[in-house]
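# A structural walkthrough
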Amino acid sequence: MIIIIFPEINLTFMKYLYVCIALCIATNMGFGQGKDRASLDPEVTEVWEPIPPKVNIVNGVPSDAQVLFDGSDFSNWIGINGGDVQWDLVGDAMTVKLGTGGITTRDSFGDFQLHIEWASPEVITGEGQGRGNSGIFLQNRYEVQVLDSYESRTYSNGQASAIYKQAIPLVNACKPPGEWQTYDIIYTAPRFNDNGRKISNAKVTVLHNGVVTLNDFEIWGTTQYKGLPSNEPHGDAPITLQDHSNLVKYRNIWIRRM
Ligand code: MG
């Protein structure tokens, strides 16, 4: 009777009925219980779109990377106080110039993959936090420690590749002073809601000389020398390299936005 009087309702009803019947058949066949999953045609689980963009590697640098420093100049950097970079440029590397302050990228970044190479001074001076100290501040706030930790003890959450005073590296992969070392840093920025409240922590994975030293660590907030982390809301922000009064060198810096 309903079919004759309300054909449009009947159409909706019939669709609903077909879906119910299909679900019943699928359930009875065991799809919902994990049975016979291996018997599906292989094409059912193939996904063809989107197609990942092709990236070529040229001299170790992915073709979609933004080169921040290749030894030629400081065009992608400014002094931390806004002026020109005062650090020394020698060969393909830059060296901290004592007392001139840190340097920071002109551009800002959110989520990224960062490659950076550094070397602590070949001539050893100082101990602990005073030996080859610099740092890479992700989004200008979260420090991945740079330090000569080869044969020099300090607090574990302050040694090379630590998130300063927050994360202890899984291993000490430090090379001897004077030797070039690599950091590959995969970083997800924190998220804040419209009220400025943090809804997810920043996350970081660090490879030191190709060895995983931090695996998806959730950063608590700013990395403080004194006191506890803070969590003021922020958007994209620069990468900053620290002048900690040691002659640390950097070279071959590139970044990929994600
Ligand atoms: Mg430091």
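Residues numbered from 1 in each chain as written. Predicted model: local features only at pLDDT ≥ 70, side-chain atom pairs only at ≥ 80, totals over all residues. Heavy atoms only, no water.

### Description of the overall build of the protein
The test is simple: Only runs of H or I of at least four residues qualify as helices and only runs of E of at least two qualify as strands under DSSP, and these elements are numbered from the N terminus. Burial classes: relative accessible area under 20% of the type maximum marks a residue as buried, over 50% as exposed, and values in between as partly exposed (1.4 Å probe, protein chains only). The contact rule is simple, with two residues in contact once any of their heavy atoms fall within 4.5 Å.
Helices and strands together make up the secondary structure of the protein, namely 2 helices and 17 strands. Burial analysis of the protein (258 residues in total) assigns 40% to the buried set. A separation threshold of at least 6 residues defines the contact pool for the protein, and within that pool the share at least 24 residues apart is 63%.

### Remarks on the pairing of strand β14 (residues 202-208)
For the record, the criterion: Two strands qualify as a pair provided DSSP detects at least 2 bridges between them.
For β14, the tally of buried residues reaches 5 of 7 residues, placing the bulk of the element in the interior. Relative to strand β15 (residues 211-219), β14 runs antiparallel, the two being bridged by 6 bridges. By the bridge assignment, Val206 is partnered in β15 with Leu214. Taken together, β14 and the strand that follows it, β15, pair antiparallel across an intervening segment of 2 residues, in which Asn209 is found at a positive phi of about 55 degrees.

### Topic: the sheet that holds strand β10 (residues 142-146)
In space, the 5 strands of this open sheet follow the order β4-β7-β16-β9-β10, with antiparallel pairing throughout. Edge strands, defined here as strands with exactly one partner in the open sheet, are β4 (77-79) and β10.

### A look at the side chain of Thr205
Applied cut-off: Here a polar contact is taken to be a pair of N or O atoms separated by no more than 3.5 Å, where protein atoms must pair a possible hydrogen donor with a possible acceptor and residues adjacent in sequence count only if both atoms sit in side chains.
Residue placement: Thr205 occurs in strand β14. There is a polar contact of 2.8 Å between the side chain of Thr205 and the backbone nitrogen of Asp216. Setting aside residues no more than four positions away along its own chain, Thr205 makes contact with Asp184, Ile185, Ile186, Leu214, Asn215 and Asp216.

### Brief notes about unusual backbone geometry
A negative phi angle characterises most non-glycine residues, just as the trans form characterises most peptide bonds. Here the residue pair Glu49 and Pro50 is connected by a cis peptide bond, since its omega of 0 degrees sits within 30 degrees of zero. When you line up the elements, Pro50 lands in the loop between α2 (7-29) and β1 (57-58). Positive phi, normally seen in glycine, also occurs at Lys165, with a value near 60 degrees. Tracing the backbone shows Lys165 in the loop between β10 and β11 (181-188). When its relative accessible area of 30% is taken as the criterion, Lys165 is described as partly exposed.

### So, the nonpolar core
Stated formally: Side-chain atoms within 4.5 Å link the members of a nonpolar core, which is a set of buried Ala, Val, Leu, Ile, Met, Phe, Trp, Tyr and Cys residues.
Formed by 40 residues in total, the largest nonpolar core has its most connected members in Ile136 and Tyr250. Among the elements that take part in this core, strand β8 (residues 112-119) stands out by supplying 4 residues, more than any other.

### Section: the coordination of the magnesium ion
Just so we agree on the cut-off: In this analysis a donor is any N, O or S atom within 2.8 Å of a metal ion (3.2 Å for sodium, potassium and calcium), and since water is not included, sites may seem incomplete.
Protein coordination at the magnesium ion: the donors are Asn133 (OD1), Ser134 (O), Glu143 (OE), Gln145 (OE1) and Gln242 (OE1), at 2.2 to 2.3 Å from the metal. Sequence spacing among the residues donating to the magnesium ion works out to N-S-x8-E-x1-Q-x96-Q. On the criterion of sequence distance, the pair formed by Ser134 in strand β9 (residues 134-138) and Gln242 in the loop between β16 (240-241) and β17 (249-257) is long-range, its members being 108 residues apart. Across the pair, exposure class does not vary: Ser134 and Gln242 are buried alike.

### A short note on the side chain of Gln145
Note that Gln145 resides in strand β10. On the basis of relative accessible area, Gln145 is assigned to the buried category, the value being 1%. A polar contact of 3.1 Å, which involves the side chain of Gln145, links it to the backbone oxygen of Gly158. Setting aside residues up to four positions removed in sequence, Gln145 forms contacts with Gln129, Asn133, Ser134, Gly135, Gly158, Gln159, Ala160, Ser161, Ala162, Tyr164, Tyr183 and Gln242.

### Remarks on the pairing of β9
As a general feature of sheets, a regular strand has side chains that alternate between the two faces. By the criterion of burial, β9 is predominantly enclosed, with 5 of the 5 residues buried. Here β9 shows no split at all, with Ser134, Ile136 and Leu138 on one side and Gly135 and Phe137 on the other all buried. Inspection of the sheet shows β9 paired to β10 by 5 bridges, in the antiparallel sense. Opposite Gly135, over in β10, you have Gln145 as the bridge partner.

### Quick word on the packing of aromatic side chains
Aromatic rings considered in pairs are described by the distance between their centres and by the relative angle of their planes. Which entries qualify depends on this criterion: Whether two aromatic rings pair depends on their centres lying within 6.5 Å, for rings of Phe, Tyr and Trp, where Trp uses its six-membered ring; planes under 30 degrees apart make the pair stacked, over 60 edge-to-face, and the rest tilted.
For the coordinates displayed, the defined rule picks out 8 aromatic pairs. Between Trp87 and Tyr250, the aromatic rings sit 6.3 Å apart at their centres with planes inclined by 20 degrees, giving stacked as the arrangement. Taken together, the residues Trp87 in the loop between β4 and β5 (88-90) and Tyr250 in strand β17 connect sequence positions 163 residues apart. Judged by its relative accessible area of 0%, Tyr250 falls in the buried class. What links up through ring pairs into an aromatic cluster is the set Phe109, Phe112, Tyr142 and Tyr187.

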